[in-house]
Amino acid sequence: MTYYNNAVRTKRELLVRLIQLLDSEQLYDKIDRIPLEMRPRTNSPIRCCVHKDRAVLKYKIMASLGFNIADEVDELTPLKDYAKEAINGIDSNGKFLTVVDEACSSCVQVNYTVSNLCQGCEGRPCQVNCPKDAITVINGKANIDHHKCVNCGLCQKACPFHAIAYLPVPCEESCPVKAIKKNEQGIEVIDFDKCIHCGKCMTSCPFGAIAEKSQILDFYDSLRNKNRKMIAMVAPAVLSQFKTKSQNILSAIKAIGFDHVMEVAEGAAITTSNETQELLEHIEEGKSFLTSSCCPSYVDLVEKHVPALKPQVSHTASPMLFTAAKAKEQYPEHDLVFIGPCLAKRKEVYDTKKIKYVITTEELGSLWAALHIDPSKLDTIDGISGNINPESRGFAASGGVSHSILATLGADKNISTQLIDGIDKKSIKLLKAYSKKAPRVDFIEVMACQGGCINGPGNIAPPSLGLSNLKKSIAELSPEPELINA
Amino acid sequence: MTKPINFKIQICCGTMCYIMGGASLHSLKETLPAEIKDSVSIEGIPCMGLCNQPDAEHQHPCVLINGEIIKNASNHKIVKQLLNHTEL
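Calculation rules
Residues numbered from 1 in each chain as written. Chains lettered and ligands numbered in written order. Predicted model: local features only at pLDDT ≥ 70, side-chain atom pairs only at ≥ 80, totals over all residues. Heavy atoms only, no water. Contact = heavy atoms within 4.5 Å. Buried area = accessible area lost by both parts, 1.4 Å probe. Salt bridge = Lys/Arg side-chain N within 4 Å of Asp/Glu carboxyl O. Polar contact = N/O pair within 3.5 Å; in protein donor to acceptor, adjacent residues only side chain to side chain. Helix = DSSP H or I, 4+ residues; strand = E, 2+ residues; numbered from the N terminus. Nonpolar A, V, L, I, M, F, W, Y, C, P; charged D, E, K, R; others polar. 1 Å grid on protein atoms, 1.4 Å probe; cavity = no way out; pocket = protein on both sides within 12 Å on 5 of 7 lines; lining within 4 Å. Points joined across faces, edges and corners; volume = space filled by probe spheres on them. Domains from an automatic or database assignment. Phe/Tyr/Trp six-rings, centres within 6.5 Å; stacked < 30°, edge-to-face > 60°. Buried < 20%, exposed > 50% of the residue type's maximum accessible area, 1.4 Å probe, protein only. Lys NZ or Arg CZ within 6 Å of the ring centre and 35° of its normal. Axes fitted to C-alpha atoms, helices over the stretch in contact; angles between N-to-C directions. Parallel < 35°, antiparallel > 145°, perpendicular 65-115°, else oblique. pLDDT = per-residue confidence, 0-100.

Turning our eyes to something else, we now look at the interface of chain A and chain B. On the chain B side, the residues contacting the 25 residues of chain A number 17 residues. Summing the contributions of chain A and of chain B, the shared interface buries around 1,700 Å²; its carbon and sulfur component is 60%. For the interface between chain A and chain B, the tally reads zero salt bridges. For the pair chain A and chain B, the interface holds six residue pairs in polar contact (both at pLDDT 80 or more). Contributions of two or more residues to the side of chain A that touches chain B are made by helix H1 (6-23) and helix H16 (361-371) of chain A. If you tally residues by element for the side of chain A that touches chain B, the top one is H1 of chain A, at six residues. When the residues that make up the side of chain A that touches chain B are grouped by side-chain class, the tally is eleven nonpolar, five polar and nine charged.

What follows concerns the layout of surface pockets. Residues and elements named next belong to chain A. Put simply, the second largest pocket is a space of about 470 Å³. Looking at the lining of the second largest pocket, the elements with two or more residues in it are strand E12 (335-340), helix H15 (344-352) and strand E13 (357-360). Top element by residues in the lining of the second largest pocket is H15. It accounts for three residues. Broken down by class, the residue content of the lining of the second largest pocket amounts to ten nonpolar, six polar and nine charged. Shared between two domains, the lining of the second largest pocket holds at least three residues of each, these being domain 1 (6-106 + 170-218) and domain 3 (229-477).

Right, let's talk about the packing of aromatic side chains for a bit. Residues and elements named next belong to chain A. Inspection of the entire model under this criterion finds eight aromatic pairs over all chains. Ring centres 5.2 Å apart and planes at 55° place the aromatic pair Tyr-112 and Tyr-166 in the tilted group. Here the residue Tyr-112 occupies a position in strand E2 (residues 112-114), and Tyr-166 occupies one in strand E5 (residues 164-166), the gap between them amounting to 54 residues. You can call Tyr-112 buried: its relative accessible area is 10%. Within the aromatic cluster, the residues linked to one another by ring pairs are Phe-219, Phe-258 and Tyr-357. Against the face of Tyr-28 rests Lys-84, its NZ or CZ located 5.4 Å from the ring centre. In this arrangement the basic side chain of Lys-353 is found over the ring face of Tyr-350, its NZ or CZ atom lying 5.0 Å from the centre.

Moving on: the packing of helix H12 (residues 265-284) of chain A against helix H18 (residues 400-409) of chain A. Residue and element names in this part refer to chain A. Two numbers describe how H12 lies on H18: the axes approach to 9 Å, and their chain directions differ by 75°. The angle between H12 and H18 falls in the class roughly perpendicular. Where H12 approaches H18, its residues Thr-272, Glu-275, Thr-276, Leu-279 and Leu-280 are matched on the opposing element by Val-401, Ser-404, Ile-405, Thr-408 and Leu-409. Among the residues forming the contact of H12 with H18, the class breakdown is five nonpolar, four polar and one charged.

As a further point, take the confidence of the model for chain B. Looking at chain B as a whole, its pLDDT mean stands at 85, while 89% of the residues score no less than 70. The ipTM, which scores confidence in the relative placement of chains, is 0.86 for this predicted complex, and the corresponding pTM is 0.91.

What follows is about the pattern of salt bridges. All names here are of chain A. Taken as a whole, this structure holds 23 salt bridges over all chains when the rule is applied. One salt bridge connects Lys-226 with Asp-221, and the closest N-O pair in it is separated by 2.8 Å. Counted as one network, the salt bridges with shared partners bring together Lys-11, Arg-12, Glu-212, Arg-346, Glu-362 and Glu-363.

Moving on to the domain arrangement of chain A. You can read the domains of chain A as domain 1 (6-106 + 170-218), domain 2 (112-166) and domain 3 (229-477). On a C-alpha basis, the centres of domain 1 of chain A and domain 2 of chain A stand 37 Å from each other.

Before going further, it helps to spend a moment on helix H11 (residues 246-255) of chain A. All names here are of chain A. With respect to burial, H11 is a largely interior element, seven of its ten residues being buried. Of all the positions in H11, only Ser-246, Asn-248, Ile-249, Leu-250, Ser-251, Ala-252 and Ile-253 are classed as buried. Packed against the buried residues of H11 are strand E9 (230-234), strand E10 (260-263), E12, H16 and helix H20 (463-477). Following H11 by one or two positions, Gly-257 adopts a phi angle in the positive range, close to 135°.

Here you go:
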């Protein structure tokens, strides 16, 4: 879930500028000027000085080009050289996040800090209760020795003046699987043996120091300059992200230069019917519960952190993969492009090798902005399939998968479902418990993002708008009233 | 009793404004204080073309209040502006 902030703005501005330069054939001439133009000397710097701000932008551009920032060999390599390489595609090695070490502010290692509310009282409960003897009183104020403190938090609880504040490290705090940690220099490093690409660290860092490796330049160059023919596969969550009708959104996607636009909801219908079949067989064979498999972050979570749960995860492929199979049948020569809100889809695409590019909703918005495509002015109906049922588009919101399965089964089957809405430390504990002792439920739907794909890390609209927009677009596309569970 | 509309708010719905924070403006209605709520009309308008001008950075999203341009608009900024006008 992203709350809009200036770091998000910077990321989008960089994307827009890169696309504009590529589109106007000035990429190599002007890419190294972007940091200078965006951070002119006259402005008051965000960090220590304008040069630091520019360096941060340079590395953020490297990430937008698809590079791993730690791979930098020579600090003097101009962005132009990176751009030339990026145009031909970069192997991500299956790692889609990179830490912009220049931007990482190396947030505190010790989470507790004494504020000036400290009264230097006689009782000194902070000092008395500290198990590590880390607190000394200097000039009438408590002081925490960072070498001794173990972050237990007792001092904070003990202080009646609320003078001790808890200062979180946002990326570490938001990571549900402890995959991000500081190195000796205090810079965050991601452990990809643990990372499930949920994107929570990326959206939580207010310095924008965790960046996703984008394919945007490679994609747009192939489309515009190499004349590759492409098919867009649009996730239903995309329809929830813009304040315009679905047919306008799909038409505007086509206007970027795609030969054809398909909705991933088409594949969702196949996922539903296969998963329903699998669930019935599962129950018949007495194999206890089944969980969904369409969220790639969840599938990765089971693989890396709850392997005992693997037999319960559905073997049905995701809507994206079914849609890709359909697209390949019709258009064997075309490159497939998935457009959606998801970071983990980049990993799923990398592992399954059926799709060429992943473009996030945020990148889609940046493409439109850069190319001056206004969806509200485009409504040549394209890609809207009358055969898609509302439940398939409902996959984008939490509860949508279960709802779709229940709708397929009809009222006569007595199937119980449970929703795990968002992967966090608590829900992982629950899943671990379920892997040891099966719950009394037939089907569990797991979504890494709370609220579902409509709150994915690559989205634009604030969470409050996503669900109402999705309901609206489903209603507008289907003759029947909307059917997703709120 | 219906109050007269004193403020006509037009939110730019161009994609540039939308991705640069304009998406949040679509919940403006819910953030309006009760005392001015009924005297405000809100509508979306197509891109005004401001994003094509030089020095356009840090000016999105754009909103018009009674025809006057508010740059770098946020719900908070709009409400503040409206309250300032009502006091006059």
